[in-house]
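Each chain, written out:
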Amino acid sequence: MATEHTSIQTTCFHCGEDCGNHPIEAYDKHFCCEGCKSVYEILNNTGMCDYYTISQNPGNSQKIKVRENKFAFLDDESVQKALTVFKDNNQTHVTFYLPHMHCSSCLWLIENLHRLNKNIISSKVNFSRKEADIVFNHNHTSMRKVAELLTSIGYEPYISLQNLNQLKPRINYSKIYKLGVAGFCFANIMMLSFPEYLGIDDKDYNLTYWFRYLSLLLSLPVVFYSATEFYNSAFKSLKHKYLNIDTPIVLAIWVTFIRSIIEIVTNTGSGYLDSMSGIVFFMLVGRILQDKTYEQLNFDRDYTAYFPIAVSRIKNNKEETVTLPNIQLNDTLLIHHSELIPADGILTKGKALIDYSFVTGESMPVEIQMGEMIYAGGKQLGSNIELLVIKEVAQSYLTKLWNRSAFKKKEHKNEHSFVDALSRYFTYIVFAIATIAAAYWQFHNPEKLWQAVTAVLIVACPCALLLSNTFTNGAIIRRLGRNNFYLRNANTIETIAKVNYIVFDKTGTLTTGRYDQIEYDGIPLSQTLKEKLATLTAQSTHPLSKSIVQWLQVSGNRKIDGYKEIPGKGIEGMVEDEWLTIGTQEFVLKRKEVIDNTSTVYLGVEGKLVGKFIFKNAYRPGLRGLAKQLQKKYPLAVLSGDNAGEKNFLQSLLGFHSVTLFHQKPNDKLQFIEQLQNKGYTVMMIGDGLNDAGALQQANVGIAVSENSNNFTPASDVIIDATQLHRLPAFIQLAKANKKIIFIAFAVSILYNIIGLYFAVQGVLSPLIAAVLMPASTISIVFITYGLSNLYAKQLKLQ
Amino acid sequence: MSVIIVLLIASISVAAIFLFAFLWSVKNGQYKDEISPPVRILFDDATPTVQQQPTEEKNTNE
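- As recorded in an unreviewed UniProt entry, chain B goes by the name Cbb3-type cytochrome oxidase maturation protein, listed as coming from Hydrotalea sandarakina.

- In the annotation of an unreviewed UniProt entry, chain A is listed under the name Cu+-exporting ATPase and assigned to Hydrotalea sandarakina.
- Its UniProt record, at the heading Subcellular location (unreviewed entry), says of chain A: "Cell membrane".

Below is the structure:
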């Protein structure tokens, strides 16, 4: 009866995924799996079907079941303590990271948790961080139960070793406060300045005293609080004997401030307090725009974000929970299916099939024999195994690698921006003009000297440059972010533009990391043979067997006898009347293996070779176009931890001048990049897993590829969505355009400066002129930067 | 003249109130999450809409 549904594509009522050939029908609805159905049942029974009316098919696919007892470690007190935010006699506050949260239905459901379990007092979602703050009564329920409830409705909390060690970084709001204060003072000072600009009656003249002193009062918070943002960096740069853009700006602020005080106190003028506070306000706006952060992304992940917080240990034949730092030598750990190996150890029990793709970039899982070493960072596929720890977590190969100093080197990244250099030239010119003006007035009218010099310094502060820079950076960062290319900070834009060597990782970066593509080479398979083959391969849990079953697309229900699986070799069995063997060349043909770099599985019938299955990495779409565009401008290299099976293909893809290296360990990758840098290259590294982490850090620009937003990426400068990888050339172009836009905006704003200088050198710069020039130049900068970055983005066909 | 002074003080105090309201809202975490509040406001208050259906036996095709 299942076949009736095959013609019409049914989507799961819960998660919206295709139900395939065998949808589960219940309650007049279709579900793709038992998991989705059970979530529906839970919600239906508690009257929470609103969940399905807020957004369509809001659920997450439940095809992959979460292991029972997975959250047993939450019963452990030290783990609880690490996760608890606050606790009193009745209540515990805990914050869970729920990566599956994605729509308003999710938000609604999680905030209504108390209807599913009355001992949950409240739950509040922070959607941008994908976190939920949950308050529950620990006398009647437990943290584990809360986690299990969340899991049962499809929102499995992600708890990692990082939760144990790190406090969440607090968002720093000081800039926003400073901006608020500056805005308040600026607006009021401007209002107080209007009467004088517009002319005030002589009889009301004593009012101006009020206005001026009030302005002075209002300017104090600007100078002594809001502008501190610039003092810090100016001071730091002076300490390093380096002039950055903030130094002349601070000078200008103080010259303006002191001159204004003197004018007001001596009753010779009203000063330039409005212009000064205005410019501080706009510069703060620019800084804030530029510091756009993506809260849902984390650019500083280390290995602890991948490691579990606790694992099961077997002690005196009893299973217990142990947190990672407490794992000791000679402990026996129980590793479940799809759990990460936390420490180096020796396999003592069970069948180990370890996926090291994350650590080494090898895409094939490795079978490990009893008594062999398993390294931390691998992921167990298949059934439970037991592991004797021979190195503690902190001593493991992976952890040590990570903690190596080379992996942390980052200083070279804080290269000085061209904007600082530009501002320096600008400052020299301004000083020259000021000196000339001073010399001129010294001879002609020494009384005007002070006025002229200070006015020059006020007008010619490079704030226009700072504004052009920060506004442009902000616009470009947002543009790129809209295209799922997320930058860690604004400096990265400039470095991307400078890159002249691009290095790719293979597994997980150029490929999807899965062996999706199978090529069959040999005698064509008959329908009966296909069915027999499916019967045999269905017995095995090996990923390659599973792929073959999928590829065959027939169901194997034949009789099978004498099935045997030899780890690392292959599987064999008598299917009805034929003896089938599938596995390595040696296993099938009973002769010594010829070295073969591809991932190939041989098929033998009655001891005779029939054909072979060649497994190919599925390359990301659009790669050919990407390679074509990039190889015109950059030397390219591919560093793969995998075998050399696809060397020829990669060479043809990336061009014959490209470097392709295989069997690269994490350290090799790092050193390759280091060598390039020693040759003077500015290197961009594009990678994914932990095996690229060192190289990503070492490279001038490290780009981490993420399959979906729930995925975890190693520390990097940029996070790119995997589907956008083919648009990398456009992103680089936009980063390059950044500098051009800054120059254009700056050039235009210099026109305003020249007008200002024209008055300033004559010593006749009135506060009104300054007050008109300042916002005029700011507004033109804003228009130019946003207009041009939109124009460039459109040209590059970016969103 | 005195009127202007009074107006001046009044206007600055009003502005100051808004400044403090702004600082308070930042401190209070209103800018922490800009996505959920606009969504949350659209949810109806708890009105359980139980879809009472006779518990048909599940006819799974497996």
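1. Things to note about the sheet that holds strand β7 (residues 310-315) of chain A
Residue and element names in this part refer to chain A.
Okay, so step 1: If you walk across this open sheet you meet the 6 strands as β8-β7-β9-β15-β10-β13, and the pairing is antiparallel. Looking at the sheet topology across the chains shown, the edges are occupied by β8 (318-323) and β13 (373-374).
Okay, so step 2: Where strand β10 (residues 345-349) and β13 come together, 2 bridges link them in antiparallel fashion. Paired with I346 across the two strands is M373, which belongs to β13.

2. Re helix α5 (residues 143-152) of chain A
All names here are of chain A.
Okay, so step 1: Within the sequence span of α5, burial applies to M143, V146, A147 and L150. On an axial view of α5, the arc spanned by its buried residues comes to 95°, and they lie on one face.
Okay, so step 2: On its buried side, α5 packs onto α3 (77-83), β4 (91-97), β5 (120-126) and β6 (131-137).
Okay, so step 3: At the exit of α5 stands G154, carrying a positive phi of roughly 95°.

3. Looking at the confidence of the model for chain B
Do not read the predicted coordinates in detail wherever pLDDT is low.
Residue and element names in this part refer to chain B.
Okay, so step 1: Averaged over all residues, the pLDDT of chain B is 72; the fraction at 70 or higher stands at 68%.
Okay, so step 2: This stretch, residues 48-62, has a pLDDT under 50; its non-local contacts, to residues over four places away or in other chains, come to 17 contacts.
Okay, so step 3: With pTM at 0.79, the complex prediction returns an ipTM value of 0.74.

4. Here we look at the environment of A695(A)
Residue and element names in this part refer to chain A.
Okay, so step 1: Counting through the fold element by element, A695 comes out in helix α26 (residues 693-698).
Okay, so step 2: For A695, a count of 28 C-beta atoms within 10 Å corresponds to the buried category.
Okay, so step 3: In this structure the C-alpha to C-alpha distance between A695 and C103, which are 592 residues apart in sequence, comes to 35 Å.
Okay, so step 4: Beyond its immediate sequence surroundings of up to four residues, A695 is in contact with K669, L670, I673, M685 and G687.

5. Points about the environment of K530(A)
All names here are of chain A.
Okay, so step 1: Structurally, the position occupied by K530 is in helix α20 (residues 527-537).
Okay, so step 2: With 163 residues separating them along the chain, K530 and E367 place their C-alpha atoms 26 Å apart.
Okay, so step 3: Setting aside its immediate chain neighbours within four residues, K530 contacts L525, L552 and V554.

6. Quick notes on the sheet that holds strand β14 (residues 379-381) of chain A
All names here are of chain A.
Okay, so step 1: The sheet built from 3 strands is open, its strands ordered β12-β11-β14 with antiparallel pairing. Bordering the open sheet on either side are β12 (366-368) and β14, each of which pairs with just one other strand. Put simply, the sheet's adjacent strands are angled 40° from each other on average, direction ignored.
Okay, so step 2: Bridge analysis of strand β11 (residues 352-355) against β12 gives 3 bridges, and the strand direction is antiparallel. Residue pairing across strands places L353 opposite E367, the latter belonging to β12.

7. Describing the nonpolar core
Proteins that are soluble and globular tend to have nonpolar side chains buried together.
Residues and elements named next belong to chain A.
Okay, so step 1: Membership of the largest hydrophobic core comes to 195 residues, with the highest contact counts inside it found for I110, V280, V456, M684, M685 and L734.
Okay, so step 2: The dominant element in this core, judged by the number of residues it contributes, is helix α27 (residues 728-761), at 14 residues.
Okay, so step 3: Counting residues in each nonpolar core, the second largest holds 18 residues, with V588, Y602, L603 and F613 among its members.

8. Brief notes about the packing of helix α17 (residues 463-482) of chain A against helix α28 (residues 767-795) of chain A
Residues and elements named next belong to chain A.
Okay, so step 1: Where α17 contacts α28, the two axes come as close as 9 Å, and the packing angle between them is 30°. Taken together, α17 and α28 sit at an angle that is classed as roughly parallel. Classified by chirality, the crossing of α28 by α17 is right-handed. Residues A464, L467, S468, F471, T472, A475, I476 and R479 of α17 touch α28, and the partners they reach there are S777, T778, I781, V782, T785, Y786, S789 and A793.
Okay, so step 2: In terms of residue class, the contact of α17 with α28 is built from 9 nonpolar, 6 polar and 1 charged.

9. Considering the UniProt feature "transmembrane region" (unreviewed entry) in chain A
Residues and elements named next belong to chain A.
Okay, so step 1: UniProt feature "transmembrane region" (unreviewed entry): in the numbering of this structure it lies at residues 176-198, 210-231, 243-265, 271-289, 425-443, 449-472, 741-761 and 767-788.
Okay, so step 2: This span, residues 243-265, is 87% helix and 0% strand, and a straight line between its end C-alpha atoms measures 33 Å.
Okay, so step 3: Taken as a whole, residues 449-472 contains 88% helix and 0% strand, while its terminal C-alpha atoms sit 37 Å from one another.

10. What about the domain arrangement of chain A?
Okay, so step 1: Domain assignment breaks chain A into domain 1 (2-54), domain 2 (70-159), domain 3 (174-291 + 418-473 + 736-795), domain 4 (306-399), domain 5 (484-513 + 620-730) and domain 6 (517-616).
Okay, so step 2: On a C-alpha basis, the centroid separation for the pair domain 1 of chain A and domain 5 of chain A is 40 Å.

11. A word on the pairing of strand β17 (residues 501-505) of chain A
All names here are of chain A.
Okay, so step 1: Among the 5 residues of β17, 5 are classified as buried, and the element is accordingly described as predominantly covered.
Okay, so step 2: The alternating pattern of β17 places Y501, V503 and D505 on one face and I502 and F504 on the opposite face, and all of these are buried.
Okay, so step 3: In this structure, β17 lies alongside strand β24 (residues 636-639), joined through 4 bridges in parallel fashion. Looking across to β24, one finds that D505 is bridged to L639.

12. Description of the UniProt feature "transmembrane region" (unreviewed entry) in chain B
Okay, so step 1: Per the UniProt entry, the sites bearing "transmembrane region" (unreviewed entry) are residues 6-26 of chain B in this numbering.
Okay, so step 2: Between the first and last C-alpha atoms of residues 6-26 of chain B the distance is 30 Å; the span itself is 100% helix and 0% strand.

13. Overview of the pairing of β4(A)
All names here are of chain A.
Okay, so step 1: Alternating positions in β4 separate cleanly, T92, V94 and F96 being buried on one face and Q91, H93, T95 and Y97 remaining unburied on the opposite face.
Okay, so step 2: One ladder, built from 3 bridges, connects strand β3 (residues 84-87) with β4; its direction is antiparallel. Residue F86 lies in a different strand from β4, and its bridge partner there is H93.
Okay, so step 3: Linkage of β3 to β4, two consecutive antiparallel strands, is achieved through a turn of 3 residues.
Okay, so step 4: Inspection of the sheet shows β4 paired to β6 by 7 bridges, in the antiparallel sense. Looking across to β6, one finds that H93 is bridged to V135.

14. Looking at the environment of E372(A)
Residue and element names in this part refer to chain A.
Okay, so step 1: Counting through the fold element by element, E372 comes out in the loop between β12 and β13.
Okay, so step 2: The exposure class assigned to E372 is exposed, which follows from the 12 C-beta atoms found within 10 Å.
Okay, so step 3: Between the alpha carbons of E372 and Y97 there is a distance of 36 Å; along the sequence they are 275 residues apart.
Okay, so step 4: When sequence neighbours within four positions are dropped, the list of residues in contact with E372 reads I346 and L347.

Rules used in this analysis
- Residues numbered from 1 in each chain as written.
- Chains lettered and ligands numbered in written order.
- Predicted model: local features only at pLDDT ≥ 70, side-chain atom pairs only at ≥ 80, totals over all residues.
- UniProt positions renumbered as here; feature names shortened; annotations may be inferred.
- Pairing = 2+ DSSP bridges.
- Helix = DSSP H or I, 4+ residues; strand = E, 2+ residues; numbered from the N terminus.
- Buried ≥ 20, exposed ≤ 12 C-beta atoms within 10 Å, placed from the backbone.
- Arc of directions from axis to C-beta.
- Contact = placed C-beta atoms within 7 Å.
- pLDDT = per-residue confidence, 0-100.
- Axes fitted to C-alpha atoms, helices over the stretch in contact; angles between N-to-C directions.
- Core = buried A, V, L, I, M, F, W, Y, C linked by C-beta atoms within 7 Å.
- Parallel < 35°, antiparallel > 145°, perpendicular 65-115°, else oblique.
- Left-handed = near helix turned anticlockwise from the far one by under 90°.
- Nonpolar A, V, L, I, M, F, W, Y, C, P; charged D, E, K, R; others polar.
- Domains from an automatic or database assignment.

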